[in-house]
Structure formats: structure tokens, C-alpha cells
Amino acid sequence: MTKGDLPDSDSVVVLYIGGEGRSGSTVLAALLGNRDGFFPVGEFRGMWEALRTDELCGCGESISSCEFWRRVGERGFGGWDRIDVEAMLAMDNRLARQRHIPRLLMSLSPYGKSAELNRYRQILARLYATVKEVSGCSVIVDSTKDPAYALLLRGVPGLDVRFIHLVRDSRGVAYSWGKKQVERPEYGQHPVLRNTFMNTRSSWKAALWWDAKNVLFQFAAISARYRLVTYESLMSEPVQELAHLSQFVGEDRIAAGETTQPCQTFEYLPFHTLGGNRVRFERGLIRLHADEEWKTKMRPSQRLVVSTLTIPLLIAYGYVGFSMKHWRSG
């Protein structure tokens, strides 16, 4: 499937953003990418699918035309044509889905190893190490979000994985999942897949997924380096949150002239990201603001359903009543 050895390198620090989708992970990754030493790769579990469909990279070029990803393929694997993409997709499907979480958890012990799982982790080790080498950055920001993939990465040799748990109010997440006919920008110029729309969910399904993904991610990150961040605090106090996250990964150098006061604008640069919100194709100054459209446009019946199904975690994360919002571990 692939040839060559893992590039010689020090431990690769991966800052993994986990939780439910529609919670601002694309923006958080971009904010981190504006700091020295951080390199956002987007939803990196989608690398093999991006190769299969020739997805549009966040830089605006297709994967096959992007100079950065071409160099990663050549240095890591002797060229992407040396990768059996369909076999990689099948392996990922067998190993990294949510139903495989018990198996992945067992694999972190000496008694749960498997040849296929070890093989896949070796390939991922090479992939992440090569991204570090080509980018020249010390921290890779991966916004895949999936709990199962988080557990998979915990067993990858040479990776030092730190977990950011990004949480947004369940009502806002459910409202976002309910929006219809939102185009997938990564296929905007694709000859076959253009006009492909983002997935949608009903309110009750979005609520249950919000519960499940957040609980599972906390479970996947147990006993690992972990930090909880809320979407709302990120939007209102971005500089403070980013400073905390920089310290969290040991990259706490403060740029000259950087203020500790709230700053609501940042420059969106062309990052080499896969998947994620369409904002990754924006350029220039972006003004940060919490998207709270749900507070005025969400139907009362939908809000009631979502609130009822998610009330325990809304309380735990500080959205309702007693607050554990500032709980931290790691």
C-alpha cells in the first residue's frame, strides 16, 4: 500500500478539536493558525476522501494542484499515486467509526492490539510527521472532531495528542443542522460534485447527536491532556482563550504588541485545510461574533425538544443553572 519509513522527527504535537459539528471548529483552527508554530489541517480524517474526490483545499486549489499537499505526498509516500485510496477508505471505515470505540479503547492496552490497527496507525504516524516536516510548524491543529478518531490517534506512535473539547449551546447547533440547501464549498468547482449540499438533521436527532458526541469525546479524552472551550467564550474573549490554548500546548510565546484585551477581528489566511465550514475560503479581515440567530428564528417547539433532550449537559457546561463552565483537566 505504501513504502518507506516514518520520517525521523521528534514527537509530533497534535491539537485535536473534538465535539459536535457546527460548533465553530473551523474558526478556532483558523485563529490558532494565525499564531506562530500552529498549522491547521482541517478535518484531517478526510484526507483519503479528499484524494479520492480531488477536494478543494482551503488555499483555493484542488488537492491534486496544491503544492503543499503534493510535497506531503512525495516526501511521505513517494507520491499520492503510491497510496491505494480505496483500501485506505475501507480501512478507516473498519477502524475509526463510533461503533468501534470499545475496540479502540482496548487497543490502548497491551492486550487489545491488532495487526490492521497497528498498520493504519503507522501510516497515520507517517502522514502527521510529514505534515510537520513540510509545514515547519511545531503544532498540527486537527479539527476532525470525531471521538473514535481521537481514540485512534491516541495510539499512533510519535504523536503527542492534546484535546480541545469545543462545545456550543445545543439549541444553536440544532438550528444550524436544520438549515437546508447549504452548499459544500469544497466541491464548488468539482465537475461532478458541485451543488452538493451539507447534511441536515431534525431537531431531535441533532439534540441526541449533540449529547452523544460530547459525552463520547470526554470519554475518548479521559486521562489525556484536555481542555474545555465554549464557542460563546471563544467569540466573546478570543485573545484570552487563544492565550490559554497556546499555554496548553507549550507554545505560550506572546507576539510583540499582542494585547490581552478582547479583539473581535482577525485576518483569514489561505490555510491548507480539508473539510469544515465554508468560512475557510474567506480572505481578509473577519469579524468574530457569536451566531445566535437561533434565539430569534428557532421555533419554540424545536427549542423545547432540544432543551429537554440536552438539559443535563446544558447544565454541566454552564448554559443553564449551575455552572461547570470553567472545569478544566489536564
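Residues numbered from 1 in each chain as written. Predicted model: local features only at pLDDT ≥ 70, side-chain atom pairs only at ≥ 80, totals over all residues. Heavy atoms only, no water.

1. Brief notes about the overall build of the protein
Now for step 1: Tallying secondary structure elements over the protein gives 13 helices and seven strands in all.
Now for step 2: Accessible area for the protein stands at about 15100 Å²; split by element, carbon and sulfur atoms hold 52% of it. (Helix = DSSP H or I, 4+ residues; strand = E, 2+ residues; numbered from the N terminus. Areas by Shrake-Rupley, 256 points an atom, 1.4 Å probe, with all protein chains shown as cover.)

2. Side note on the environment of Thr130
Now for step 1: Mapped onto the elements, Thr130 comes out in helix H6 (residues 115-135).
Now for step 2: Residues Thr130 and Arg75, spaced 55 residues apart in sequence, show a C-alpha to C-alpha distance of 6.8 Å.

3. Some remarks on the confidence of the model for the protein
Now for step 1: Per-residue confidence for the protein averages 86 on the pLDDT scale, and 85% of its residues sit at or above 70.
Now for step 2: Here residues 322-330 scores under 50 on pLDDT; set against residues more than four positions off or in separate chains, the count is 24 contacts. (pLDDT = per-residue confidence, 0-100. Contact = heavy atoms within 4.5 Å.)

4. Observations regarding the packing of helix H8 (residues 170-177) against helix H13 (residues 300-316)
Each pair of packed helices gets described by two things: the angle between the helix axes and the distance between those axes.
Now for step 1: The N-to-C vectors of H8 and H13 enclose an angle of 135°; their axes lie 9 Å apart at closest approach. Overall, the two elements H8 and H13 adopt an arrangement that is oblique. Crossing of H8 over H13 shows right-handed handedness. Mapping the contact onto sequence places Ser170, Arg171 and Ala174 in H8 and Arg303, Val306, Ser307, Thr310 and Leu314 in H13.
Now for step 2: Tallied by class, residues from the contact of H8 with H13 come to three nonpolar, three polar and two charged. (Axes fitted to C-alpha atoms, helices over the stretch in contact; angles between N-to-C directions. Parallel < 35°, antiparallel > 145°, perpendicular 65-115°, else oblique. Left-handed = near helix turned anticlockwise from the far one by under 90°. Nonpolar A, V, L, I, M, F, W, Y, C, P; charged D, E, K, R; others polar.)

5. As for the sheet that holds strand E2 (residues 38-42)
The strands making up a sheet are joined through hydrogen bonds of the backbone, oriented either antiparallel or parallel.
Now for step 1: As summarised here, the arrangement of the five strands in space is E2-E3-E1-E4-E5, forming an open sheet in which the pairing is parallel. Two strands in the sheet have a free side with no partner beyond their single neighbour: E2 and strand E5 (225-230). Neighbouring strand axes in the sheet, compared pairwise and without regard to direction, differ in orientation by 25° on average.
Now for step 2: Note: strand E1 (residues 12-18) against strand E3 (residues 139-145), five bridges, orientation parallel. Paired with Leu15 across the strands is Val141, a residue of E3. (Pairing = 2+ DSSP bridges.)

6. Observations concerning empty space enclosed by the protein
Now for step 1: Here the structure, examined in full by the defined rule, presents one cavity of 30 Å³ or more.
Now for step 2: In this structure, the largest cavity encloses a volume near 80 Å³.
Now for step 3: Lining the largest cavity are 14 residues; nearest its centre among them are Thr26, Ala29, Gly42, Ser143 and Thr273.
Now for step 4: Among the secondary structure elements, those contributing two or more residues to the lining of the largest cavity are helix H1 (25-33) and E2.
Now for step 5: The leading source of residues in the lining of the largest cavity is H1, at three residues.
Now for step 6: Its residues placed into classes, the lining of the largest cavity shows six nonpolar, six polar and two charged. (1 Å grid on protein atoms, 1.4 Å probe; cavity = no way out; pocket = protein on both sides within 12 Å on 5 of 7 lines; lining within 4 Å. Points joined across faces, edges and corners; volume = space filled by probe spheres on them.)

7. Section: the packing of aromatic side chains
Now for step 1: A complete count under the given rule lists 10 aromatic pairs for this structure.
Now for step 2: Ring centres of Phe39 and Phe68 lie 4.9 Å apart, and the angle between their planes is 35°; this geometry places the pair in the tilted category. Taken together, the positions of Phe39 in strand E2 and Phe68 in helix H3 (residues 67-77) put the pair 29 residues apart, joining distant regions of the chain.
Now for step 3: Here the aromatic cluster, defined as three or more aromatic residues joined through ring pairs, consists of Phe39, Phe44, Phe68, Trp69 and Tyr128.
Now for step 4: Geometry around Trp177 places Arg22 over its ring, the cationic atom sitting 4.0 Å from the centre. (Phe/Tyr/Trp six-rings, centres within 6.5 Å; stacked < 30°, edge-to-face > 60°. Lys NZ or Arg CZ within 6 Å of the ring centre and 35° of its normal.)

8. What to know about helix H7 (residues 147-154)
Now for step 1: H7 sits mainly inside the fold: seven of its eight residues count as buried.
Now for step 2: If you check which residues of H7 are buried, you get Pro147, Ala148, Tyr149, Ala150, Leu151, Leu152 and Leu153. (Buried < 20%, exposed > 50% of the residue type's maximum accessible area, 1.4 Å probe, protein only.)

9. Focus on unusual backbone geometry
Now for step 1: Although it is not a glycine, Asp54 sits at a positive phi angle of roughly 55°.
Now for step 2: Following the sequence through the fold, Asp54 ends up in the loop between helix H2 (47-53) and H3.
Now for step 3: Residue Asp54 is classed as partly exposed on the basis of its relative accessible area of 30%.
Now for step 4: The phi angle at Ser223 is positive, at roughly 65°, despite the residue not being glycine.
Now for step 5: Locating Ser223 in the fold gives a position in the loop between helix H9 (203-220) and E5.

10. Re the side chain of Arg280
Now for step 1: The residue Arg280 is located in the loop between strand E6 (265-268) and strand E7 (284-287) in this model.
Now for step 2: A distance of 3.3 Å separates a polar atom in the side chain of Arg280 from the backbone oxygen of Leu56.
Now for step 3: Within polar-contact distance, the side chain of Arg280 engages the backbone oxygen of Gly275 at 2.8 Å. (Polar contact = N/O pair within 3.5 Å; in protein donor to acceptor, adjacent residues only side chain to side chain.)

11. A look at the nonpolar core
Now for step 1: Trp48, Trp69, Trp80, Leu124 and Tyr128 are the most contacted members of the largest nonpolar core, which has 69 residues in total.
Now for step 2: In terms of residue count, the dominant contributor to this core is H6 (10 residues).
Now for step 3: If we skip the residues at most four places from it in the chain, Tyr128 touches Val12, Val14, Phe44, Ile140, Asp142, Tyr149, Leu153 and Leu159. (Core = buried A, V, L, I, M, F, W, Y, C linked by side-chain atoms within 4.5 Å.)

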